[in-house]
2 protein chains.
Amino acid sequence: MSTAEDLTAALDAVERNAGSYAADLMDFVRLPSVSTETEHRPDIDAAATWVAARLSRAGFTEVRTIDTPGHPVVVGRLHHDRDLPTVIVYGHYDVQPVEPLELWESGPFEPEIRDGKIYGRGASDDKAGVLIAIQAVEAYTASGGLPPVNLTFLIEGEEEIGSPNLPEFLDQHRELLRADLAISADGGIYGVGTPSVTVGSRGLAAVQIDVRGASSDLHSGMYGGAVANPIMALARILSSLQDAEGRIQVEGFEAGVEPLQPSVRQALAALPDDEEAELAQLGLKSWWGDPEYLPRERRNVRPTLEVNGIGGGFQGNGIKTVLPSRAFAKVSCRLVVGQDPEQVVAALKRHVAKVTPAGVTATVTPLPGSGKAYQMPVDHPALEVAAESMEAVYKRRPFPVWTGGTVPVAEQFQAILGIWCLYFAFGEPDNALHAPNEFFRVDTIRQGTEATVRLLAGLAERRDALAPIS
Amino acid sequence: MSTAEDLTAALDAVERNAGSYAADLMDFVRLPSVSTETEHRPDIDAAATWVAARLSRAGFTEVRTIDTPGHPVVVGRLHHDRDLPTVIVYGHYDVQPVEPLELWESGPFEPEIRDGKIYGRGASDDKAGVLIAIQAVEAYTASGGLPPVNLTFLIEGEEEIGSPNLPEFLDQHRELLRADLAISADGGIYGVGTPSVTVGSRGLAAVQIDVRGASSDLHSGMYGGAVANPIMALARILSSLQDAEGRIQVEGFEAGVEPLQPSVRQALAALPDDEEAELAQLGLKSWWGDPEYLPRERRNVRPTLEVNGIGGGFQGNGIKTVLPSRAFAKVSCRLVVGQDPEQVVAALKRHVAKVTPAGVTATVTPLPGSGKAYQMPVDHPALEVAAESMEAVYKRRPFPVWTGGTVPVAEQFQAILGIWCLYFAFGEPDNALHAPNEFFRVDTIRQGTEATVRLLAGLAERRDALAPIS
């Protein structure tokens, strides 16, 4: 068959198979593969086994579950023609924790379809992404055909804890993973029904700040007013990290950051403006943050600093008049090209040392998950193939966008395997990623699968899209 | 027998009985009567039953466990001579929560004697106080005698949650509780082996501040930098409550507060200075707080504001890059004479409304436990009797002190029953009240019991110490 015939057959297969996609995703979501919590280790293994079996069912000929010092990586290869280029597809089977559990309307691991949406932890991030890519390959193999490129799927189980073992895995399995281009099935599009091609992603640096005062909790009636309060000290430290309008005040934080390029600002400014609807959906009256940049710039191409969690003293119901001995906060920063995670952590340490109030000690400890930002050349032909594939499905020309999140693997494919990583994924901004009531739209599974089928055909046609980094 | 002979017989009884005091207290501590947590309700009832039985065993002739809308109040009366004055003894059988449990060296409800100290939650606050008073009465009844005054014990179970039902209880049982003076067996002395007589106690006003941002937790990579962070907003609100040196910045907070009287400052300045040792014991290098006042002034007679607890976002191990939708803090203030708890709460509400950053909403909700400060006339004869009773045991003249803590009942005896409340209790500042590893010294039980035996004899001799408030 010609490539065009293969594509037509595969698209027909998507048509035939689409009825089973929702059930497939719900099966996957039922596995509570939370990577941050060690008690979920058996569920992690079960999810890896599930992915391996699913790859085999889709026609992959070599499927291996490879142990790492952490969670296993599933590698599935379907290399059927040594003259064809090879494409790696990256995704992850692990998911975020579910807390606060009481805000979920249905069990996070008891997926439920409501109003055309499959609700459950990981439904969008990244179990739909993994399944869409597998289903696209399966569309080619379903009728006895073969995909138009050799494929290597690399599905890991530690993305939500920062992929600590992935760099070494890539380094140790260079031969197994030899390829011409990577595709990340983890990511998303600009809006519901509004496709986009992702040009870059931000990096991450995160720390925990621990503040200690007296050696034990004290009675506030006995020592209040005379012993420094670690919660109050922590509040002062946190307040010093940003000004009231959100400008980061940490010296050295932005070292290496270039001013935003006009082309980037123009591309972002040209995005369709559905911000009012988005605000309403978030229950907000207005955006917030550094007034020198548009909200979309702050969300995508500017560095950020957020407090992700805080705790100290008595948190139960009612009152306990304690003067606590400790408090902590978790702070994470999204980084842009030019920022080095280690240097950002060092800047945070220097800042905290400088502003820690009298009477307490503060320590700053790096948290896992750090990674550099990643950016493809905006004129890379793979981006054009991706745009055409999406346009064929969505009937709209995709916008170039920069994702605000962090997918450390993109920068690692670049740095370790010497290949570009094309984001090609279908999460939507309202999917409640990392939050209660995460969901993925049933219709989007099919749209994503069709677009991925087209992408593989398009890449096979456009060999210059598959050139490794020179 | 004469009063002097009664006293001698009672002191002999203390000598005989002292060997059983530690076991008695440990029995009481084994009951986990935590009043803040509803799951401990059966333990609350068990503790009330225990107290009632203990009163009966000590010779009280009328013992009743009286229900309230909350926890029962145990009232034990030993009224044997209508010509004698009546003294109420107040204490409480409920205890604080035990968290953080991991910091206890032995189970909070598995009392253990180490180095002459009985460790356990409530060992000092207030189970030792209750038992010392019962044992003092028992010393009189042990040899077939009777105490030199009529006694009404009122032991409640809601002190650690602010005695919400006590005012109504006092009001409804005026006849049962008719008396000439109250004694609070809840309180303490200045230092280990350093007795003091407590002239007053501070009041309390407490609130919870809840800050809300977006309607659900968000992905910090997607919304960070563009949506207000409730933890950061809360940090700014808390930082605004005090300046960096601890001066409270809440407008109207000190309305009604008189400047410290020179006699009070002198009395406090004359206290023996063991502050270096105290700092070392607390693991601190220096005191902290408003430089216009001495630490002991800030701890005893000045109003305070402390953050007792804070929570928001992800508090587990590792990292979750969430932009949380909510955060809260619990703030409590110790009040001095002239401050009204309701007005202080109103001032906090106005302040928070004024300083809440853009992009979030903040609500301020009063917490239970509010009460006014209490102060006896410094020349009240009951204070002199108390001082003499302590001096006979400790061989040191007690100092007048103001306790920094709050015992709402003192002000309630004054306001509702029209009688003064004399603090007469033996907690020591190192007892880790409200904290892990709370303890009470075995030797102090006996010292307290002997002093209380002497107090009852002294009050019987000095009828002007028993005059109701005119």
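Residues numbered from 1 in each chain as written. Chains lettered and ligands numbered in written order. Predicted model: local features only at pLDDT ≥ 70, side-chain atom pairs only at ≥ 80, totals over all residues. Heavy atoms only, no water.

Undergrad: Lay out the overall build of chain A in plain terms, naming residues and giving numbers.
TA: Regarding its fold elements, chain A presents 14 helices and 18 strands. For 470 residues, the compact-globule estimate of 2.2 N^0.38 gives 23 Å, and the C-alpha radius of gyration of chain A, at 23 Å, lies within 12% of that figure. For chain A, with 470 residues in total, the buried portion stands at 66%. For chain A, restricting intrachain contacts to residue pairs at least 6 apart in sequence, the fraction spanning at least 24 positions comes to 80%. Only carbon and sulfur atoms are counted for the fraction: they give 49% of the accessible area of chain A, which is about 16,800 Å². Taking the 40 positively charged and 63 negatively charged side chains of chain A as two groups, their mean positions are separated by 3 Å. (Helix = DSSP H or I, 4+ residues; strand = E, 2+ residues; numbered from the N terminus. Rg over C-alpha atoms; globule rule 2.2 N^0.38 Å. Buried < 20%, exposed > 50% of the residue type's maximum accessible area, 1.4 Å probe, protein only. Contact = heavy atoms within 4.5 Å. Areas by Shrake-Rupley, 256 points an atom, 1.4 Å probe, with all protein chains shown as cover. Lys, Arg positive; Asp, Glu negative; His and termini not counted. Charge placed at Lys NZ, Arg CZ, Asp CG, Glu CD.)

Undergrad: Break down the relation of the copies chain A and chain B for me, with residues and values.
TA: Aligned on chain B, chain A shows an RMSD of 0.1 Å; the corresponding rotation is 180 degrees and the shift along the axis is 0.0 Å. When the rotation and shift are considered jointly, the pair of chain copies conforms to a two-fold rotation axis. A shared interface surface links the copies, since 100% of the contact residues of chain A are contact residues in chain B too. (Least-squares fit on C-alpha atoms with pLDDT ≥ 70 in both.)

Undergrad: Before we move on, can you summarise the interface of chain A and chain B with the specific residues and values?
TA: Contacts between the two partners involve 86 residues from chain A, matched on the other side by 86 residues from chain B. Both faces combined, the contact of chain A with chain B buries some 7,300 Å², and carbon together with sulfur accounts for 56% of it. Interface area lost by chain A to chain B is led by Trp288, Ile319 and Lys320 of chain A, which between them contribute 10%. Counting across the interface, chain A meets chain B through zero salt bridges. (Buried area = accessible area lost by both parts, 1.4 Å probe. Salt bridge = Lys/Arg side-chain N within 4 Å of Asp/Glu carboxyl O.)

Undergrad: Report on the sheet that holds strand β4 (residues 112–114) of chain B, specifying residues and quantitative values.
TA: The strands making up a sheet associate through backbone hydrogen bonding, with each pair oriented either parallel or antiparallel. Residues and elements named next belong to chain B. Within the open sheet, the three strands sit side by side as β4-β5-β18. Their pairing is antiparallel. Taken across any chain shown, the strands that pair with only one partner, and hence form the sheet edges, are β4 and β18 (439–441). The average angle at which neighbouring strand axes cross in this sheet is 30 degrees, direction not considered. Relative to strand β5 (residues 117–119), β4 is paired through three bridges, and the arrangement is antiparallel. Bridging from a neighbouring strand, Glu112 pairs with Tyr119 of β5. In the packing of helix α14 (residues 442–461) onto the sheet, the strands contacted are β4, β5 and β18, and the crossing angle to β18 comes to about 60 degrees. (Pairing = 2+ DSSP bridges. Axes fitted to C-alpha atoms, helices over the stretch in contact; angles between N-to-C directions.)

Undergrad: Break down the sheet that holds strand β16 (residues 399–403) of chain A for me, citing the residues and quoting the values.
TA: All names here are of chain A. As summarised here, the arrangement of the three strands in space is β15-β8-β16, forming an open sheet in which the pairing is mixed. Unpaired on one side and paired on the other, β15 (374–375) and β16 mark the two borders of the sheet. Strand direction decides the pairing type here: strand β8 (residues 196–201) and β15, joined by two bridges, are antiparallel. Residue pairing across strands places Ser201 opposite Tyr374, the latter belonging to β15.

Undergrad: An account of the packing of helix α2 (residues 21–29) of chain A against helix α14 (residues 442–461) of chain A is needed here, citing residue identities and associated values.
TA: Residue and element names in this part refer to chain A. Contact pair α2 / α14: the axes reach a minimum separation of 9 Å and the direction vectors enclose 105 degrees. Classified by the angle between their axes, α2 and α14 sit roughly perpendicular to one another. Between α2 and α14, the residues in contact are Tyr21, Ala22 and Leu25 and Val442, Ile445, Arg446 and Thr449, respectively. Grouping the amino acids of the contact of α2 with α14 by side-chain chemistry returns five nonpolar, one polar and one charged. (Parallel < 35°, antiparallel > 145°, perpendicular 65-115°, else oblique. Nonpolar A, V, L, I, M, F, W, Y, C, P; charged D, E, K, R; others polar.)

Undergrad: Go over unusual backbone geometry with me, naming the residues and quoting the values.
TA: Omega for the peptide link from Asp125 of chain A to Asp126 of chain A comes to 10 degrees, which places this bond in the cis form. With respect to the helices, strands and loops of the structure, Asp126 of chain A is situated in helix α4 (residues 123–141). Non-glycine residue His434 of chain B carries a positive phi angle of around 65 degrees. Position of His434 of chain B among the secondary structure elements: in the loop between β17 (421–423) and β18.

Undergrad: Could you give me a rundown of empty space enclosed by the protein, with the residues and numbers involved?
TA: If you walk through the whole model with that rule in mind, you get six cavities of 30 Å³ or more. Estimated volume of the largest cavity: approximately 90 Å³. Around the largest cavity, the lining comprises 13 residues; the ones closest to its centre are Gln242 and Trp288 of chain A together with Asn229, Met232 and Ala233 of chain B. Counting only elements with at least two residues in the lining of the largest cavity, the list comes to β11 (304–313) of chain A together with α7 (230–241) of chain B. Classifying every residue of the lining of the largest cavity gives nine nonpolar, two polar and two charged. (1 Å grid on protein atoms, 1.4 Å probe; cavity = no way out; pocket = protein on both sides within 12 Å on 5 of 7 lines; lining within 4 Å. Points joined across faces, edges and corners; volume = space filled by probe spheres on them.)

Undergrad: A description of the packing of helix α4 (residues 123–141) of chain B against α14 of chain B should follow, citing residues and the corresponding values.
TA: Residue and element names in this part refer to chain B. As a packed pair, α4 and α14 sit with axes 8 Å apart at the nearest point and diverge in direction by 60 degrees. Accordingly, the angle class assigned to the pair α4 and α14 is oblique. Crossing geometry of α4 relative to α14 is assigned as right-handed. Here α4 contributes Ile132, Ala133, Gln135, Ala136, Val137, Ala139 and Tyr140 to the contact with α14, which in turn contributes Thr444, Ile445, Gly448, Thr449, Thr452, Val453, Leu456 and Ala457. (Left-handed = near helix turned anticlockwise from the far one by under 90°.)

Undergrad: Give a description of the pattern of salt bridges that names residues and reports values.
TA: According to the stated counting rule, one finds 54 salt bridges over all chains in the structure shown. One salt bridge connects Glu292 of chain A with Arg247 of chain A, and the closest N-O pair in it is separated by 3.1 Å. Pair noted here: Glu292 of chain A is in the loop between α9 (275–282) and α10 (295–300) and Arg247 of chain A is in the loop between α7 (230–241) and α8 (262–269), with a separation of 45 residues, a long-range link. Here Arg174 of chain B and Asp171 of chain B are joined by a salt bridge, their closest N and O atoms 2.6 Å apart. In this structure Arg174 of chain B comes out as partly exposed when scored by relative accessible area, which is 41%. Through salt bridges that share partners, Asp243, Glu245, Arg247, Asp290 and Glu292 of chain A make up one connected network.

Undergrad: A description of the environment of Ile231 of chain B should follow, citing residues and the corresponding values.
TA: Positionally, Ile231 of chain B belongs in helix α7. For the pair Ile231 of chain B and Ala329 of chain B, spaced 98 residues apart in sequence, the C-alpha separation works out to 9.7 Å. Residue contacts for Ile231 of chain B: discarding those within four places in its chain leaves Leu238, Val307, Asn308, Gly309 and Ile310 of chain A together with Gly312, Gly313, Pro324 and Ala327 of chain B.

Undergrad: Explain the side chain of Glu278 of chain B residue by residue, including any values.
TA: Along the chain, Glu278 of chain B falls in helix α9 (residues 275–282). Since its relative accessible area comes to 11%, Glu278 of chain B is described here as buried. Among the polar contacts made by the side chain of Glu278 of chain B, one reaches the side chain of Arg299 of chain B at a distance of 2.9 Å. If we skip the residues at most four places from it in the chain, Glu278 of chain B touches Tyr223 of chain A together with Trp287, Arg299 and Pro429 of chain B. (Polar contact = N/O pair within 3.5 Å; in protein donor to acceptor, adjacent residues only side chain to side chain.)

Undergrad: Tell me about α9 of chain A, residues and numbers included.
TA: Residues and elements named next belong to chain A. Along α9, the residues that are buried comprise Glu275, Glu278, Leu279 and Leu282. Here the buried residues of α9 occupy an arc of 100 degrees about the axis, which is enough to place them on one side. Away from its buried face, by an angle of more than 90 degrees, α9 presents the exposed residues Glu276, Ala277 and Ala280. Just downstream of α9, Gly283 is the residue with a positive phi angle, here 75 degrees. (Arc of directions from axis to C-beta.)

Undergrad: How would you explain the environment of Val14 of chain A if you had to name every residue and give the values?
TA: Residues and elements named next belong to chain A. Residue position: Val14 is located in helix α1 (residues 3–17). For the pair Val14 and Gly187, spaced 173 residues apart in sequence, the C-alpha separation works out to 22 Å. Beyond its immediate sequence surroundings of up to four residues, Val14 is in contact with Tyr21, Ala139, Arg446, Thr449 and Val453.

Undergrad: Got a sec to walk through helix α11 (residues 341–355) of chain A? Specific residues and values, please.
TA: Residues and elements named next belong to chain A. Across its 15 residues, α11 extends 21 Å between first and last C-alpha, which sits within 8% of the 21 Å expected from 1.5 Å per residue. Considered for burial, the residues of α11 that qualify are Pro341, Val344, Val345, Ala347, Leu348, His351 and Val352. All buried residues of α11 fall inside an arc of 160 degrees around its axis, so they share one side. Those residues of α11 that are exposed and angled more than 90 degrees off the buried face are Glu342, Gln343, Arg350, Ala353 and Lys354. Taken together, the buried residues of α11 touch β9 (203–212), α7, β11, β13 (326–335) and β14 (361–371). In this structure Asp340 caps α11, since a side-chain oxygen of it lies 3.1 Å from the backbone nitrogen of Glu342. (Expected span 1.5 Å × (residues − 1).)

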